[in-house]
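Understanding the architecture of this molecule
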Amino acid sequence: MNTVPFLDLGRLHEKIREPLNEAYHRVMDSAWYCLGPELEAFESEFANYSDVKFCVGVGNGLEALSLLLKVYGIGPGDEVIVPSNTFIATWLAVSGCGAKPVPVEPDVSTHNISPDLISAAITERTKAIIPVHLYGMTADMDLINGIAKKHNILVIEDAAQSQGARYKNRRAGSLGDAAATSFYPGKNLGALGDGGAILTNDEEVANKARKLRNYGSVVKYEHELAGVNSRLDEMQAAFLRVKLSVLDEWNQSRRDVADFYSRRLDKASVIVPNVPNYAEPVWHLYVIRSNERNKLMAYLKNRGVETVVHYPKPPHFQRCYKKFEDLNLPIAENLAKEVISLPIFPGMKSEEINTIINAVRSFQDEK
């Protein structure tokens, strides 16, 4: 029995092997590996792609968020609103700078933070909201920005899963005061190692982020700020330039798979994703829900279909956030019990997609 992989990066890379090899040799031959021309070119190209003025490449997505909070001076005594339903990095960035993460439950139909619940979580200590564009679908940013403006607080997008996604025809990463994204290999725009970036239209924010990522320095051995070492290296920048050139094509492939799933699984006793009319997702993940999640996953595995749970335990139940474990966050907790991510990646074969659909549908038929 052939296995349908959850993600096949080798298959993706094979299609662009030649330009990736050219990028590798270009960097090797240049003998310039940090803060060089490849990074400058990628930052310019990705800023343009994301409809913002500035991009600052950093070491990974968590550090992109952490550095942004530091740029804005957020720290001990401050509060930052975060989704209760997200990967833990969103919370870690906040607690890592000494501030308090304040979780807000999601809209159960989109899994993204619910704008209707944000205002009640705002206090005099609130400095920012971090909406996450989960699974590659943008949060409802007009409503979130309206709340933030009313209370004079920042909006920092966590766009780690949404490179190329649109909200009312505007790109993810251009929808708040600034944004952080991740180039972890499995992302829609993934490096061949770790990487991340800060996106903004504010030149002062970009300049401060550039200093902070490089020991607080622009001129060597002159340190204006107490910075860190978090730089997107030349090799990864070169690889990302290659992948950026095919990102729209790859995202469309994901949309085609997602559309096919949604049409064929709509009546298969699972809950398929809901797409609001404001969103044009890029389907980093295609997440269904089932109240028999574990049985369904085992059934699919026996039929050669790999699945993953994103995420099996919400942040407030993680050991590092034990002090939050008594919070009442039933929506996030219930989603964690029901969600299943089906395989979705560019270049999936039609027989693989049909195998997945038929397996999900037959699970219901055989009960």
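Below is a summary of the structure that appears in this document. (Residues numbered from 1 in each chain as written. Predicted model: local features only at pLDDT ≥ 70, side-chain atom pairs only at ≥ 80, totals over all residues. Heavy atoms only, no water.)

**Comments concerning the nonpolar core**
Ile-81, Ile-118, Tyr-261, Leu-265 and Tyr-286 are the most contacted members of the largest nonpolar core, which has 68 residues in total. With 6 residues, the top contributor of residues to this core is helix 12 (residues 350-365). In contact with Tyr-286, other than residues within four places in its own chain, are Ala-258, Tyr-261, Ser-262, Val-272, Pro-273, Ile-340, Ser-341, Leu-342 and Ile-344. With 31 residues, the next largest nonpolar core counts Ala-64, Cys-97, Leu-212 and Tyr-321 among its residues. (Core = buried A, V, L, I, M, F, W, Y, C linked by side-chain atoms within 4.5 Å. Buried < 20%, exposed > 50% of the residue type's maximum accessible area, 1.4 Å probe, protein only. Helix = DSSP H or I, 4+ residues; strand = E, 2+ residues; numbered from the N terminus. Contact = heavy atoms within 4.5 Å.)

**Quick notes on the side chain of Ser-217**
Mapped onto the elements, Ser-217 comes out in the loop between helix 7 (203-213) and helix 8 (234-244). In this structure Ser-217 comes out as buried when scored by relative accessible area, which is 5%. A distance of 3.0 Å separates a polar side-chain atom of Ser-217 from the backbone oxygen of Glu-222. Among residues more than four places away in sequence, those in contact with Ser-217 are Arg-210, Lys-211, Glu-222 and His-223. (Polar contact = N/O pair within 3.5 Å; in protein donor to acceptor, adjacent residues only side chain to side chain.)

**Notes on the pairing of strand 2 (residues 79-83)**
Of all 5 residues that make up strand 2, 5 are buried, and the element is covered over most of its length. Residues Glu-79, Ile-81 and Pro-83 point to one face of strand 2 and Val-80 and Val-82 to the other, with burial holding for every one of them. Bridging between strand 2 and strand 3 (residues 100-104) involves 5 bridges; their strand directions are parallel. Looking across to strand 3, one finds that Val-80 is bridged to Pro-101. Handedness of the β-α-β unit built from strand 2, helix 5 (residues 89-96) and strand 3 comes out right-handed. As judged from the 3 bridges shared by strand 2 and strand 4 (residues 126-129), these two strands associate in the parallel manner. Along strand 4, the bridge assignment pairs Val-80 with Ala-128. (Pairing = 2+ DSSP bridges. Right-handed = clockwise from strand over helix to strand, strands pointing away.)

**Re the packing of helix 4 (residues 61-71) against helix 5**
A pair of packed helices is characterised by two quantities: the angle between their axes and the separation of those axes. Between helix 4 and helix 5, whose axes approach to 9 Å, the crossing angle comes to 35°. Relative to helix 5, the crossing made by helix 4 is right-handed. Touching Leu-62, Leu-65, Ser-66 and Leu-69 of helix 4 are Ala-89, Thr-90, Leu-92, Ala-93 and Val-94, all from helix 5. Residue composition of the contact of helix 4 with helix 5, grouped by class: 7 nonpolar, 2 polar and no charged. (Axes fitted to C-alpha atoms, helices over the stretch in contact; angles between N-to-C directions. Left-handed = near helix turned anticlockwise from the far one by under 90°. Nonpolar A, V, L, I, M, F, W, Y, C, P; charged D, E, K, R; others polar.)

**Some words on the sheet that holds strand 10 (residues 279-280)**
The strand order across the open sheet built from 3 strands is 7-6-10, with neighbouring strands paired in antiparallel fashion. Taken across any chain shown, the strands that pair with only one partner, and hence form the sheet edges, are strand 7 (170-171) and strand 10. Relative to strand 7, strand 6 (residues 166-167) is paired through 2 bridges, and the arrangement is antiparallel. Bridging across to strand 7, Arg-166 finds its partner in Arg-171.

**Here's the deal with the sheet that holds strand 3**
Across the sheet, which stays open at both edges, the 7 strands sit in the order 1-9-8-5-4-2-3 with mixed pairing between neighbours. Two strands close off the open sheet at either side, each with one partner strand: strand 1 (54-58) and strand 3. Averaged over all pairs of adjacent strands, the angle between strand axes in this sheet comes to 25°, irrespective of strand direction. Where strand 5 (residues 154-158) lies against strand 8 (residues 178-182), 3 bridges are found, and the strand directions are parallel. When the sheet's bridge partners are listed, Glu-157 is paired in strand 8 with Ala-179. Here helix 6 (residues 141-151) sits on the sheet and contacts strand 4 and strand 5; the angle it forms with strand 5, its principal contact strand, is near 150°. Packing against the sheet, helix 7 makes contact with strand 1 and strand 9 (196-200), and its axis sits at approximately 15° to strand 1.

**What about unusual backbone geometry?**
Geometrically, the link from His-310 to Tyr-311 is a cis peptide bond, its omega value of 10° lying close to zero. For Tyr-311, the location among the structural elements is in the loop between helix 10 (293-302) and helix 11 (330-338). A positive phi is found at Ala-31, a non-glycine position, where the angle reads about 60°. By secondary structure assignment, the location of Ala-31 is in the loop between helix 2 (17-30) and helix 3 (37-49).

**A few points about the state of the cysteines**
The term disulfide refers to a covalent linkage connecting the sulfur atoms of a pair of cysteines. A full pass over the atoms with the stated rule returns 0 disulfides. Not engaged in a disulfide, the cysteine Cys-55 finds its nearest cysteine sulfur in Cys-34; these two sulfurs lie 16 Å apart. Of all cysteine sulfurs, the one in Cys-97 lies closest to Cys-320, which takes part in no disulfide; the gap is 15 Å. (Disulfide = S-S within 2.5 Å.)

Fair warning: the whole summary comes from geometry, so function is off the table for now.
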